[in-house]
Amino acid sequence: MKIGLIQQANTCDRTDNIKKLKNSIRLCADEGAELVVLQELHNGLYFCQTEDTQMFDLAETIPGPSTEEFGALAKELGVVLVLSLFERRAPGLYHNTAVVIEKDGSIAGKYRKMHIPDDPAYYEKFYFTPGDLGFEPIETSVGKLGVLVCWDQWYPEAARLMAMKGAEMLIYPTAIGWESSDTEEEKKRQLGAWITVQRGHAVANGLPVITVNRTGHETDPSGQTNGIQFWGNSFVAGPQGELLAEFPNDHEEVRVVEIDKARSENVRRWWPFFRDRRIDAFGGLTERFLI
């Protein structure tokens, strides 16, 4: 199965960002991609660097303009798309939502980001209500997709629950990067941890992992920080954590990567982690802390 990944640097020109995305989706389709994954909040800049109520004007309904526009393209090209949108659910109620578009242009399903960060330059709790749709894979013509979003990457429980419900791959639209005051050593540690934890999800669950991050520098409108240098490094890992593709840090790239969906079956036979799970002893996982 061929999967297209689009690692893009965005500007404040939403129309131009979408035009670039659509051109990249076409390139992926021309190379035989059946599934194309876009980065987190792909239509514009990462607006969560500041807390500004005017930013809520960027949100849209689902279905809405983006699902219609990208849905028409998916139907034209015969590809499944994973979108990432700022959802306006109701007045004063907003989500960070991934939407899967089927090959016929219809909405196959959506996932609302469950884990919401609140850190300097990542003030997402101001904008996003935590998801309420659970960890449910989305059924599509290319398989059951375990779609999660960015901060969800750090939680093995989310990956496990998707796998337990039959996900055939884990997909993470992402927007993560460095603040310029971090040392080079700290930057390496952050990036290494980010890759390692997701490769661990692949290993623990015997599933491919597809992660698509943005790249480029985006300024902090408040001037309180030096902005974010998004670190790119989108990648695909196989079910033993092997890196099938790894993108650069510092520039845009569009690439089609082939995965072997049948390999997960063999890996789970060799390494039967699901067979040996001590589910009788895991009750404490539902608690916040145990001491």
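Residues numbered from 1 in each chain as written. Predicted model: local features only at pLDDT ≥ 70, side-chain atom pairs only at ≥ 80, totals over all residues. Heavy atoms only, no water.

Within an unreviewed UniProt entry, the label attached to the protein chain reads Carbon-nitrogen hydrolase, and the organism entered is Parabacteroides segnis.

### Some remarks on the side chain of Q8
Within the element layout of this structure, Q8 appears in the loop between strand 1 (2-7) and helix 1 (14-30). A polar contact is formed between the side chain of Q8 and the side chain of N10, at a distance of 2.9 Å. In this view, Q8 contacts N17, K20, L21, Q39, N213, R214, T215 and E252; residues no more than four positions away in its chain are not counted. (Helix = DSSP H or I, 4+ residues; strand = E, 2+ residues; numbered from the N terminus. Polar contact = N/O pair within 3.5 Å; in protein donor to acceptor, adjacent residues only side chain to side chain. Contact = heavy atoms within 4.5 Å.)

### What to know about helix 1
Across its 17 residues, helix 1 extends 24 Å between first and last C-alpha, which sits within 8% of the 24 Å expected from 1.5 Å per residue. Listed in full, the buried residues belonging to helix 1 are N17, I18, L21, S24, I25, C28 and A29. Along the long axis of helix 1, the arc covered by the buried residues comes to 140°, so they all point the same way. For helix 1, exposure combined with an orientation more than 90 degrees from the buried face picks out T15, K19 and D30. Packed against the buried residues of helix 1 are strand 1, strand 2 (35-37), helix 2 (65-77), strand 3 (80-90) and strand 17 (253-258). Regarding helix 1, its N-cap is D13, as a side-chain oxygen of that residue lies 3.2 Å from the backbone nitrogen of T15 further along. Positive phi shows up at G32, right after helix 1, with a value of about 95°. (Expected span 1.5 Å × (residues − 1). Buried < 20%, exposed > 50% of the residue type's maximum accessible area, 1.4 Å probe, protein only. Arc of directions from axis to C-beta.)

### Some thoughts on the packing of helix 1 against helix 2
Viewed as axis vectors pointing N to C, helix 1 and helix 2 meet at an angle of 20°, and their least axial separation amounts to 11 Å. Classified by the angle their axes make, helix 1 and helix 2 are roughly parallel. The chirality of how helix 1 crosses helix 2 is right-handed. Side by side, helix 1 and helix 2 meet where R14, I18, L21, K22, I25, R26 and A29 of the first sit next to S66, E69, F70, L73, E76 and L77 of the second. (Axes fitted to C-alpha atoms, helices over the stretch in contact; angles between N-to-C directions. Parallel < 35°, antiparallel > 145°, perpendicular 65-115°, else oblique. Left-handed = near helix turned anticlockwise from the far one by under 90°.)

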